[in-house]
Amino acid sequence: MNPFSSGTRLRDMIRAIRACKTAADERAVVRKECAAIRTSMNENDQDYRHRNLAKLMFIHMLGYPTHFGQMECLKLIASAGFPEKRIGYLGLMLLLDERQEVLMLVTNSLKQDLNHSNQYIVGLALCALGNICSAEMARDLAPEVERLLQFRDPNVRKKAALCSIRIIKKVPDLSENFINPAAALLKEKHHGVLITGIQLCTDLCKVSPEALEFLRKKHTDGLVKTLKGAVNSPYTPEYDIAGIADPFLHIRLLKLLRVLGQGDADASDAMNDILAQVATKTESKKNAGNAILYECVETIMSIEDNGGLRVLAINILGRFLSNRDNNIRYVALNMLMKAITVDAQAVQRHRATILECVKDSDASIQKRALELVYVLVNDTNVKPLTKELIDYLEVSDQEFKGYLTAKICSIVEKFSPEKIWYIDQMLRVLNEAGSFVSDEVWHALIVVISSASDLHGYTVRALYKAFQTSSEQEMSFQSTSKKKTHQESLVRIAVWCIGEYGDMLVNNVGMLDIEDPITVTESDTVDVVKIAIKHHALDLTTKAMALVALLKLSSRFPSCSERIKDIIVQHKGSFVLELQQRSLEFNSIIEKHQNIRSALVERMPILDKATFSTRRAGSLPAAVSTSSGASLDLPNGVAKPSAAPLVDLLDLSDDLPAPSSSGGDFLQDLLGVDLSPAPTQSGLGQIQKADTDVLLDLLSSGTPIQSSSPTTEILLPSQNDKSPIATLDARSSSSSLSEQATSSARAAPMMDLLDGFGPSPLKPEDNGSVYPSLVAFESSSLRITFNFSKQPGNPQTTLIQATFTNLTPNVFTDLIFQAAVPKFLQLHLDPASSNILPASGNGSITQNLRVTNSQHGKKSLLMRMRMSYKIDNKDMLEEGQINNFPQDLGS
Amino acid sequence: MGIRFILMVNKQGQTRLAQYYEWLTLEERRALEGEIVRKCLARNDQQCSFVEHRNYKIVYRRYASLFFLVGVDNDEVSFYLFNYSMLLFSAFIFDAVTRVIFMISFEHGYGWSRTMSILEEMDGWIYKLSNSWSFLMPDHYFNLIHCLNISLFSVNTVCIWQLQNELAILEFIHLLVETMDRHFGNVCELDIMFHLEKAHFMLEEMVMNGCIVETSKSNILSPIQLMDKTS
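Because the structure is predicted, anything quoted here is derived from the model rather than measured.

Scoring rules and cut-offs
Along every chain, residues carry numbers that run from 1 in the direction the sequence is written. Whichever chain is written first becomes A and whichever ligand is written first becomes 1, with later ones labelled in order. Residues qualify for local features only when their pLDDT is at least 70, as the model is predicted, and side-chain atom pairs are given and counted only at 80 or more; totals for whole chains, interfaces and linings, by contrast, use all residues. Secondary structure counts use DSSP, requiring at least four H or I residues in a row for a helix and at least two E residues in a row for a strand, with both numbered from the N terminus. Three classes are used. A residue is buried when 20 or more other C-beta atoms lie within 10 Å of its own, exposed when 12 or fewer do, and partly exposed in between, with C-beta atoms placed from the backbone. C-beta atoms are first placed from the backbone for all residues, and any pair lying within 7 Å is then listed as a contact. What makes two strands pair is DSSP finding at least two bridges between them. By definition here, a helix of n residues has an expected span of 1.5 Å times n minus one. All axes here are fitted lines through C-alpha atoms, helices being fitted over the stretch that makes contact, and every angle between N-to-C directions spans 0 to 180 degrees. What pLDDT reports is the predictor's confidence in each residue, on a scale of 0 through 100. Roughly parallel refers to an angle under 35 degrees, roughly antiparallel to one over 145, roughly perpendicular to one between 65 and 115, and oblique to any angle outside these ranges. Whether a crossing is left-handed or right-handed is set by the direction in which the near helix is turned from the far one by less than a right angle, anticlockwise for left-handed and clockwise for right-handed. Each residue gets one label: Ala, Val, Leu, Ile, Met, Phe, Trp, Tyr, Cys and Pro are nonpolar, Asp, Glu, Lys and Arg are charged, and the others, such as Gly, are polar.

**A closer look at the overall build of chain B**
Turning to step 1, where the next piece is worked out: Secondary structure assignment for chain B yields 9 helices and 9 strands.
Turning to step 2, where the next piece is worked out: A burial count over chain B gives 42% of its 231 residues as buried.
Turning to step 3, where the next piece is worked out: Residue pairs at least 24 apart in sequence account for 58% of intrachain contacts in chain B once pairs closer than 6 positions are excluded.

Put into structure tokens, the structure is as follows:
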């Protein structure tokens, strides 16, 4: 009985499945069939075994589970007849994989079949082994395969060759045994054996350097001859494709030559002539010819330099690029990507054509071309290229926009020659594709805007105009009922800038020559923000940003204050907690706290680019090694091994004796803000928290700062029975708004701290009052001395000048001094005079600190510090603590 | 040639033949087939025959109502897998040693496109370097691996993928169709469907473990015809 022609029931099943109208019907049919097959298997039905398996293959193809058929495959393989074996092996390859345990059971059958007298059965076993063999099987059966490489029948030899590839990939150690038999295959005349032999050699070269060396020495010339023979071979109908005898063989040969020629001048020399011949003689009208040319170009690019050939190759690519067939253009772009490292100049010549490809209607080509443009960009061509890309952004389709935007942003960020250009380009991108701009990009833009202080006015005016146009467009689109995506990121940036620099918008401050003057009234400005906040499609972040902007504007434009208050109050009833809360807080600030408002909403300090980028790369591991040699016997600073440096740095409470007053009090102060229940001080609490964040950032150097809050929690329970909590409770029960008035006074110094980030560095004034200087820290390598002074009339604030001296014979680089103080103190650090500390005390660095003691007269100063620096690029870290500040300073 | 899978799908998106040369679970296969087919069916005749999808590059060709899809690796460059955290560190070190090295550091098994997207997020310049990888000299591969082994960390996986010749794959699809045509005589979707095992046998003779075995139609068909005769 013939298993393949009598498969009527298989046909019936396929028909039944095809007749199914719905997926549910199909599932039902398949379920029924599977049940029948299982029954038949259980009955051990010999006659239907192969038919069952054929059905299972079909079911498997449809995507249904067929694991129950795996054992049937093994049974079929073990049976004697060829047709059974054949379908058994097919099932094995389709239904099983190398990860399944069942596969181990088949090893023995495979071994027998590899030694079978029938060459077709040997072929079947080789094929199965080549497709699914695991490492264990590879080890077991490698000798058989190796032997079969010399089998008399070429059809077995070719399969054995491919099987060997699988084996050496699974177990590279075995590659040694295959080198000689593989090399012998290179002399074959039979195309199938030759092509598989070449593939085997290519893979051998990749796993074994010895094989590469051997083949390079012994067989390069032979392969060149083979390729020459193939190129010049007369017409052979059996292998002919478009006038070329077996292009697949050509390609395989070129690939192997590439592997041999890479990094070896002699081998490369040997193949020069034939490569030139292939590159010039190959017919390029048909796909097959182009495939060979493509491979040839790749080989020329990879082997050792030969100027003439490279020119030839680049010319071929140029021809490909201007080809009308999209397939050819695609591979040309692909190839140019590689050519760029060999000859960037030559690729640059094709820039215009490549840019055209970015605008192609085909997504695959667009993407390739864009990637190519991306690597073509350099300092000289960034401006025209970016212009082209942004121009195209206007017309590109939505799907591609996201990708294109990301690339443009990355180019602009990396190559921008000046800030104004950066800002201009980003504004254009925001205008065109604001909704595709990622958060990081607009965060970075804000950092740049904030640091370009001479461009604030220009930027805010440009954003104002852009925002107006975009919202007008939106209006008109709405009326024509067309859908236009709103430019979320544009709105955010515009709102932020208007909040910060609104006054510059109205007064036309910092006008550049290129600008047209515009007249904007204060109320226009408020209108814009109002539009942003009213737009219901915008998300919460944007609305929250708009609220903050309004608060800021209320202080910038006192005349609009009432109107702004009205807008803010409208959100009092918002369902979104964040908006509601902010609205209430801001309202009370406008109403009741005129005196502090202007200080509260002062312009943001210039954002630090470095901090931003470290935070962005926050996930990177910080390679910090601690200094182990710090001596412990110190007059003041206590050098500690920094197991958890940050925790140590922040929680002074642990191991400090309470300075003067009761410990409970001190702890309460230390934890003050965090302990208080949210409703009492929510508004200011938030500002304070924001403040602490800034402070923590200062200390963090990119490491997350969660460590401080666990401390709080640990300490919390132990506090429960102490008096400070009682006062705290009392405070929380009093009405929240009136409470804010008092707590705001406490917040004021916090604002000072923020201001300190601004461009006005504090000058230490020597007012004559003399305090003894203090050796704050001394280790075997570093000494820090503090000199104190106070401003007259401000006894709370102490000015400290820290002087760093290097005690080692090595220069310190990247010196960073960080300090932390308990919460009742506020600390401001000015930049250090340098971050390089000369060796052996030949010079020093100074850094000014300003400490404000809110509990002046009650508690004395406390400070913990951390110094990190590099010696010969090795990271060092030291820590210390000061609790013996001169008594007359603080209390 | 690094073929990862061969699919035959009709215009309605129904799979008619599927042969994978790497292991994917049933769910992964279904998802992959669905996504790819949707992508390819949406394209028109003028567009090129190559589609990039996840870590595959799909080379497809349409014959009447049947699509032939061949998936190959999307990677053209050599690819080292290391421990994630060493990424930037190693990039810096080896930039100085050889002209173009970047390290892709992963535990295991990330595809090329995913790797790339992560890299691009991290920094653009790494990406730029990556394109020069195929020019890395083979000697350097081994020196590099050796020196990494002794000095820094152990190499988890080294996998060197080769460049794909998309045009050759396209030509291969045509060869496959011609072979089927010769056997079935004016082959159509139903032939493949009702003679699934024969189609598979043919494929078996042509491709093994993702490599091309035989390119002569008569050599491919002779074992199949022999069997037809004996039965």
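Alright, that's what it looks like, and here's the rest.
**Considerations on the pairing of strand β3 (residues 774-778) of chain A**
All names here are of chain A.
Turning to step 1, where the next piece is worked out: Of all 5 residues that make up β3, 4 are buried, and the element is covered over most of its length.
Turning to step 2, where the next piece is worked out: In this structure, β3 lies alongside strand β4 (residues 782-790), joined through 4 bridges in antiparallel fashion. Along β4, the bridge assignment pairs glutamate 778 with arginine 783.
Turning to step 3, where the next piece is worked out: Hairpin connection of β3 to β4: 3 residues between the antiparallel strands.

**Looking at helix α23 (residues 419-433) of chain A**
Residue and element names in this part refer to chain A.
Turning to step 1, where the next piece is worked out: Taking 1.5 Å of rise per residue, the 15 residues of α23 would be expected to cover 21 Å, and the 21 Å separating its terminal C-alpha atoms lies within 8% of that figure.
Turning to step 2, where the next piece is worked out: Taken across its 15 residues, α23 has 12 buried, putting it largely inside the fold.
Turning to step 3, where the next piece is worked out: Burial in α23 covers these residues: Tyr422, Ile423, Asp424, Gln425, Met426, Leu427, Arg428, Val429, Leu430, Asn431, Glu432 and Ala433.

**Focus on the sheet that holds strand β9 (residues 863-871) of chain A**
Residue and element names in this part refer to chain A.
Turning to step 1, where the next piece is worked out: As summarised here, the arrangement of the 3 strands in space is β6-β9-β10, forming an open sheet in which the pairing is antiparallel. The open sheet terminates on both sides in strands that have one partner only, identified here as β6 (812-820) and β10 (874-882). Taken pair by pair, the neighbouring strands of this sheet meet at an average axis angle of 15 degrees, ignoring direction.
Turning to step 2, where the next piece is worked out: Both β9 and β10 contribute to a ladder of 9 bridges, which runs antiparallel.

**Examining the confidence of the model for chain A**
Residues and elements named next belong to chain A.
Turning to step 1, where the next piece is worked out: Averaged over every residue, the pLDDT of chain A is 75; residues scoring 70 or more account for 78%.
Turning to step 2, where the next piece is worked out: Below a pLDDT of 50 lies the segment residues 1-7, which in the model reaches 11 contacts outside its immediate sequence neighbourhood of four places, other chains included.
Turning to step 3, where the next piece is worked out: Every residue in residues 618-768 is under pLDDT 50, and counting partners more than four places away or in other chains gives 195 contacts.

**A few points about the sheet that holds strand β8 (residues 844-853) of chain A**
Residue and element names in this part refer to chain A.
Turning to step 1, where the next piece is worked out: The 5 strands are arranged β3-β4-β5-β8-β7 in an open sheet whose pairing can be described as antiparallel. Each of the sheet's edge strands pairs with one partner strand only, and the pair in question is β3 and β7 (825-829). Strand-to-strand twist in this sheet, taken as the mean axis angle between neighbours without regard to direction, amounts to 25 degrees.
Turning to step 2, where the next piece is worked out: As paired elements, strand β5 (residues 797-806) and β8 share 9 bridges and run antiparallel to each other. Residue leucine 799 lies in a different strand from β8, and its bridge partner there is arginine 850.

**A word on the packing of helix α21 (residues 382-395) of chain A against helix α22 (residues 398-415) of chain A**
Residue and element names in this part refer to chain A.
Turning to step 1, where the next piece is worked out: Where α21 meets α22, the closest approach of the two axes is 10 Å, and the angle between their N-to-C directions is 155 degrees. With respect to α22, the axis of α21 lies roughly antiparallel. Here α21 and α22 pass one another in a crossing that is left-handed. Counting all contacts with α21, which are made through Val382, Thr386, Leu389, Ile390 and Leu393, the residues of α22 involved are Lys401, Leu404, Thr405, Ile408, Ile411, Val412 and Phe415.
Turning to step 2, where the next piece is worked out: When grouped by side-chain class, the residues that make up the contact of α21 with α22 number 9 nonpolar, 2 polar and 1 charged.

**Focus: the interface of chain A and chain B**
Turning to step 1, where the next piece is worked out: Contact residues are listed per partner, giving 69 residues for chain A and 54 residues for chain B.
Turning to step 2, where the next piece is worked out: Looking at the side of chain A that touches chain B, the element that brings in the most residues is helix α17 (residues 326-342) of chain A, giving 9 residues.
Turning to step 3, where the next piece is worked out: Across the side of chain A that touches chain B, the residue classes break down as 34 nonpolar, 19 polar and 16 charged.

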